[in-house]
Each structure stands twice: as C-alpha cells, then as structure tokens.
Amino acid sequence: NAGVTQTPKFQVLKTGQSMTLQCAQDMNHEYMSWYRQDPGMGLRLIHYSVGAGITDQGEVPNGYNVSRSTTEDFPLRLLSAAPSQTSVYFCASSNGQGWTEAFFGQGTRLTVV
Amino acid sequence: SQKIEQNSEALNIQEGKTATLTCNYTNYSPAYLQWYRQDPGRGPVFLLLIRENEKEKRKERLKVTFDTTLKQSLFHITASQPADSATYLCALDDNNAGNMLTFGGGTRLMVKP
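Residues numbered from 1 in each chain as written. Chains lettered and ligands numbered in written order. Predicted model: local features only at pLDDT ≥ 70, side-chain atom pairs only at ≥ 80, totals over all residues. Heavy atoms only, no water.

A. Expanded view of the overall build of chain B. In terms of regular secondary structure, chain B is built from zero helices and eleven strands. Here the C-alpha radius of gyration of chain B, 14 Å, is about what a compact globule of 113 residues would show, namely 13 Å. When its C-alpha atoms are laid out on the principal axes, chain B stretches across 45 × 30 × 20 Å. Expressed as a percentage of its 113 residues, the buried residues of chain B come to 45%. Element-wise, carbon and sulfur atoms account for 46% of the exposed surface of chain B, whose accessible area totals about 5,700 Å². A distance of 4 Å separates the average location of the 14 positive side-chain charges in chain B from that of its 12 negative side-chain charges. (Helix = DSSP H or I, 4+ residues; strand = E, 2+ residues; numbered from the N terminus. Rg over C-alpha atoms; globule rule 2.2 N^0.38 Å. Buried < 20%, exposed > 50% of the residue type's maximum accessible area, 1.4 Å probe, protein only. Areas by Shrake-Rupley, 256 points an atom, 1.4 Å probe, with all protein chains shown as cover. Lys, Arg positive; Asp, Glu negative; His and termini not counted. Charge placed at Lys NZ, Arg CZ, Asp CG, Glu CD.)

B. Expanded view of the nonpolar core. Membership of the largest hydrophobic core comes to 23 residues, with the highest contact counts inside it found for Leu33(B), Trp35(B), Phe75(B) and Tyr88(B). Elements with a minimum of two residues in this core: strand 3 (19-26), strand 4 (32-38), strand 5 (45-51), strand 7 (62-67), strand 8 (72-77), strand 9 (86-93) and strand 11 (107-112) of chain B. (Core = buried A, V, L, I, M, F, W, Y, C linked by side-chain atoms within 4.5 Å.)

C. Representation of the sheet that holds strand 3 (residues 19-25) of chain A within the structure. All names here are of chain A. Reading across the sheet, the four strands line up as 1-3-8-7 and stay open at both edges, with antiparallel pairing between neighbours. The sheet is open, and its two edges are formed by strand 1 (4-7) and strand 7 (64-66), each paired on a single side. Direction aside, the axes of adjacent strands within the sheet are offset by 20 degrees on average. (Pairing = 2+ DSSP bridges. Axes fitted to C-alpha atoms, helices over the stretch in contact; angles between N-to-C directions.)

D. Quick look at the layout of surface pockets. Approximately 1,100 Å³ is the volume attributed to the largest pocket. Along the walls of the largest pocket sit 41 residues, with Gln37(A), Asp38(A), Met41(A), Gly42(A) and Leu43(A) positioned nearest its centre. Secondary-structure elements contributing two or more residues to the lining of the largest pocket are strand 4 (31-38), strand 5 (42-51), strand 9 (87-94) and strand 11 (108-112) of chain A together with strand 1 (3-6), strand 9, strand 10 (101-103) and strand 11 of chain B. In terms of residue class, the lining of the largest pocket is made up of 13 nonpolar, 17 polar and eleven charged. A volume near 210 Å³ is recorded for the second largest pocket. Lining the second largest pocket we find 15 residues, and of these Phe103(A), Phe104(A), Gly43(B), Pro44(B) and Val45(B) sit closest to its centre. Sorting the residues of the lining of the second largest pocket by element identifies strand 10 (103-104) of chain A together with strand 5 of chain B as the ones contributing at least two each. Here the residues of the lining of the second largest pocket are counted per class, giving nine nonpolar, four polar and two charged. (1 Å grid on protein atoms, 1.4 Å probe; cavity = no way out; pocket = protein on both sides within 12 Å on 5 of 7 lines; lining within 4 Å. Points joined across faces, edges and corners; volume = space filled by probe spheres on them. Nonpolar A, V, L, I, M, F, W, Y, C, P; charged D, E, K, R; others polar.)

E. The side chain of Arg68(A), seen in detail. Residues and elements named next belong to chain A. Structurally, Arg-68 is set in the loop between strand 7 and strand 8 (76-78). Buried charged residue Arg-68 carries no salt bridge. Nearest counter-charge: Glu-30, at 5.4 Å. Looking at Arg-68, its side chain comes within polar contact range of the main-chain oxygen of Thr-70, at 3.2 Å. (Salt bridge = Lys/Arg side-chain N within 4 Å of Asp/Glu carboxyl O. Polar contact = N/O pair within 3.5 Å; in protein donor to acceptor, adjacent residues only side chain to side chain.)

F. Inspection of the sheet that holds strand 3 of chain B at higher detail. Residue and element names in this part refer to chain B. Spatial ordering of the open sheet is given by 1-3-8-7-6, a layout of five strands whose pairing is antiparallel. The open sheet has two edge strands, strand 1 and strand 6 (56-59), and neither has a second partner. For this sheet, the mean inter-axis angle between neighbouring strands, taken without regard to orientation, is 15 degrees. Sheet topology note: the strand 1/strand 3 ladder contains four bridges and is antiparallel. The residue of strand 3 that forms the bridge with Gln-6 is Cys-23.

G. Representation of the interface of chain B and chain A in the model. At the junction of the two partners, chain B supplies 20 residues and chain A supplies 19 residues. When the two sides are added together, the surface that chain B and chain A hide from each other amounts to roughly 1,600 Å², 54% of it contributed by carbon and sulfur. The interface formed by chain B and chain A holds zero salt bridges in total. At the boundary of chain B and chain A, one finds three residue pairs in polar contact (both at pLDDT 80 or more). Elements represented by at least two residues in the side of chain B that touches chain A include exactly strand 4, strand 5 and strand 10 of chain B. When residues in the side of chain B that touches chain A are grouped by element, the largest group, four residues, is from strand 4 of chain B. Counted by class, the side of chain B that touches chain A contains ten nonpolar, eight polar and two charged residues. (Contact = heavy atoms within 4.5 Å. Buried area = accessible area lost by both parts, 1.4 Å probe.)

Spelled out as structure tokens, the structure:
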C-alpha cells in the first residue's frame, strides 16, 4: 500500500497564482485533513473532511478551498497565492471512530515569491 | 480559546536515560490524546493513543500517562537512544465528535551518545 500520497513535493509560485495540492490515500479512510506547518507554530488545521461530499473549516481556512468528491482524493486549492502561504503542507487520513490514528503524507513544501 | 502546550525548547539528554516530555491543554475535554514522532523533512508518524479512562499506556520503551484532572499527558522514552532524536507532537480531538485533530507545537528531543 502506498498510504497517503502528496504531490508535488516542492513548488514555487508567484504571488497571485493559483494551484492545487494533491492528496490521495489508498486505505479507504473516511477522514482526511490538510495541515500547514510553519517554524515554531506546529501543525495548524486548514480543512478537514469526514467523508465524500463533506468538508469543513479548520483553524486557518482563509485562502484555501477543498472538495471531496471521492473517498480517495482530497485536493487543496490555493486561490490566489500570497507569501504568507509559504509553508509545508501535510495531508492526513484516518479510519476509525474519529482521528484515532492519523496517517500523514510526506508533505509539500510551497514557496510563494 | 482551546490551547495545547508543549515545551518549545529542545530537550537534550544522555543516551540510556529516560526522556520525559509534557503536553498540557486547556479548555478541552478530549476523549483521547495521541503522540506522534516527526523526523526532519517527513510527515508525523503515530506512536500511541491513550483514552480518557486510561491512566497509562505502554508500548515497548514508550509510556504515556493521561491526567484529565491536571489536563496533562506525560510521554516517557526509557533507555533512550540517539535514534530516538526527533520532534514529538501531542494531539487531541478538537471536539467530542472526533472530527478534528489538533496538535501541540512539538518538543525536539536530542539524545546524545
């Protein structure tokens, strides 16, 4: 099993550009989330989903959109990139009663110039 | 507001000693608490989960305690090894529905030979 796969691993964007960070899991997990990790700030929740067709906002949702059309995929869209969105982004999934064990992808390092 | 606090300063210990990391939280009534390990450039990896009705949980050289009165969890690594050097994160479900997983800022552990 591949687990949680994120693409791309690295990305440089210009301010104002849009892009989609991809996340796919092959474990048939219902729960998926996106986090961003900045130095000294730990992991902050952007958006999460408890199943196909259901998404909700986390702690820092502004500037990001998500959709969950299938169980496997949970893409994160940056609508108009800003330097403040420079960060490492992690996707996670879980199968159980709530987030009883999260599986993380390897991360996407995004730089906005 | 809800908050999870971990010591942001690195913990330096000698090989063979017991490392003890602390996770304190406020304004939560979590059903469970989790600990993760994160190595540089990689996503967090799940280590242990302890439920609110459990005082202590063990896995090999790892031990976690959970005091819901003090709102604190302690994470111990006995007979520590240089390979245990990493950042350790605690995480709580952000609501009793278990839909959101919120992380502390992490504590970096350095085990010196």
